[in-house]
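Chain by chain, the residues:
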Amino acid sequence: MRRWTLPLLLAVLGLVIAVREADTGSPGVAAVWLVVFLVFAVGLSPLAFPRSISAAEARRRSADDGRPIVYWRPGCQYCLRLRLRLGPAARRAHWVDIWRDPEGAADVRAVTGGDETVPTVVVAGQSRVNPDPAWLRRQLR
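Please read all numbers here as calculations on a predicted model, not as lab measurements. (Residues numbered from 1 in each chain as written. Predicted model: local features only at pLDDT ≥ 70, side-chain atom pairs only at ≥ 80, totals over all residues. Heavy atoms only, no water.)

**Q** Now, about the overall build of the protein: what can you tell me, with residues and values included?
**A** Counting its secondary structure elements, the protein contains six helices and four strands. Expressed as lengths along the three principal axes of its C-alpha atoms, the size of the protein is roughly 60 × 30 × 20 Å. Considering the protein as a whole, with its 141 residues, one finds that 40% of them fall into the buried category. Look at the contacts in the protein between residues 6 or more apart in sequence, and 66% of them connect residues 24 or more apart. Roughly 8,000 Å² of accessible area belongs to the protein as shown, and the carbon and sulfur atoms make up 58% of that amount. Taking the 20 positively charged and 12 negatively charged side chains of the protein as two groups, their mean positions are separated by 6 Å. (Helix = DSSP H or I, 4+ residues; strand = E, 2+ residues; numbered from the N terminus. Buried < 20%, exposed > 50% of the residue type's maximum accessible area, 1.4 Å probe, protein only. Contact = heavy atoms within 4.5 Å. Areas by Shrake-Rupley, 256 points an atom, 1.4 Å probe, with all protein chains shown as cover. Lys, Arg positive; Asp, Glu negative; His and termini not counted. Charge placed at Lys NZ, Arg CZ, Asp CG, Glu CD.)

Okay, structure coming up:
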């Protein structure tokens, strides 16, 4: 549930602001505020990311196809930045939501010295924390 907390709060806040603006006689402004908050809510939700798999499954698939594993969590602005900058190429990576998979969170803590800093990317056994999107895009080719 916590992965949806921030997106739901943004959606509710947008709705409250929109209702308040509509009550003051500004339906156009209300619509703009609602759209802005909903865009941010969707962007920070799990909907903006490829379907997550377990860390064990990601390691197995990565060993087979050599594709990177991206550890992430909903609401992380750096994860969203990476996802957006990768564009359609993001679907070629194996994504692990560390809030859904305790084993994935443990993998990240092992790489980062005990922190759950994301995005953490593992390619061919080497890991990078908050990598440059251009570098990761090259790894996805």
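Following the structure, the description resumes.
**Q** With reference to specific residues and values, describe the side chain of Ser52.
**A** Within the secondary structure, Ser52 sits in the loop between helix H2 (27–43) and helix H3 (55–65). At 3.4 Å, the side chain of Ser52 and the backbone nitrogen of Asp97 are in polar contact. Those residues within four positions of Ser52 in sequence are excluded, and the remaining contacts are Trp72, Trp95, Val96 and Asp97. (Polar contact = N/O pair within 3.5 Å; in protein donor to acceptor, adjacent residues only side chain to side chain.)

**Q** Summarise H2; cite the residues concerned and give the values.
**A** Its 17 residues give H2 an end-to-end C-alpha distance of 24 Å, which sits within 8% of 24 Å, the value for a rise of 1.5 Å per residue. All buried positions along H2 are accounted for by Ala30, Phe37, Ala41 and Gly43. (Expected span 1.5 Å × (residues − 1).)

**Q** Which residues make up the sheet that holds strand E3 (residues 120–123), and what values go with them?
**A** Within a sheet, neighbouring strands are paired by backbone hydrogen bonds and run either parallel or antiparallel to one another. Taken in spatial order, the four strands make up an open sheet running E2-E1-E3-E4, and their pairing is mixed. Of all the strands in the sheet, just strand E2 (94–97) and strand E4 (126–129) have a single pairing partner and so form its edges. Within this sheet the neighbouring strands show an average axis-to-axis angle of 20 degrees, counted without direction. Where strand E1 (residues 69–72) lies against E3, three bridges are found, and the strand directions are antiparallel. Across the sheet, the residue bridging to Val70 is Val121, located in E3. (Pairing = 2+ DSSP bridges. Axes fitted to C-alpha atoms, helices over the stretch in contact; angles between N-to-C directions.)

**Q** Account for helix H4 (residues 77–86), naming residues and giving values.
**A** Residues of H4 that are buried include every one of Cys79, Leu80, Leu82, Arg83 and Leu86, and no others. Along the long axis of H4, the arc covered by the buried residues comes to 160 degrees, so they all point the same way. Across H4 from its buried face, at more than 90 degrees, point the exposed residues Gln77 and Leu84. Of the surrounding elements, those touching the buried residues of H4 are H2, E1, E2, E3 and helix H6 (133–139). Phi turns positive, to about 60 degrees, at Gly87, one or two residues after H4. (Arc of directions from axis to C-beta.)

**Q** Mind laying out the packing of aromatic side chains, listing which residues take part and the relevant values?
**A** The final tally for this structure, using the stated rule, is two aromatic pairs. Geometrically, the ring pair formed by Trp33 and Phe37 is tilted, given 5.9 Å between the ring centres and 40 degrees between the ring planes. Of this pair, Trp33 and Phe37 both sit in helix H2, four residues apart, roughly one helical turn. We classify Trp33 as partly exposed; its relative accessible area is 37%. On the basis of an interplanar angle of 75 degrees and a centroid distance of 6.5 Å, the ring pair of Trp72 and Trp95 is categorised as edge-to-face. Linking Trp72 in strand E1 with Trp95 in strand E2, this pair joins segments that are 23 residues apart in sequence. By relative accessible area, which is 1% here, Trp72 ends up buried. The ring centre of Trp135 lies 4.0 Å from the NZ or CZ of Arg128, which sits over that ring. (Phe/Tyr/Trp six-rings, centres within 6.5 Å; stacked < 30°, edge-to-face > 60°. Lys NZ or Arg CZ within 6 Å of the ring centre and 35° of its normal.)

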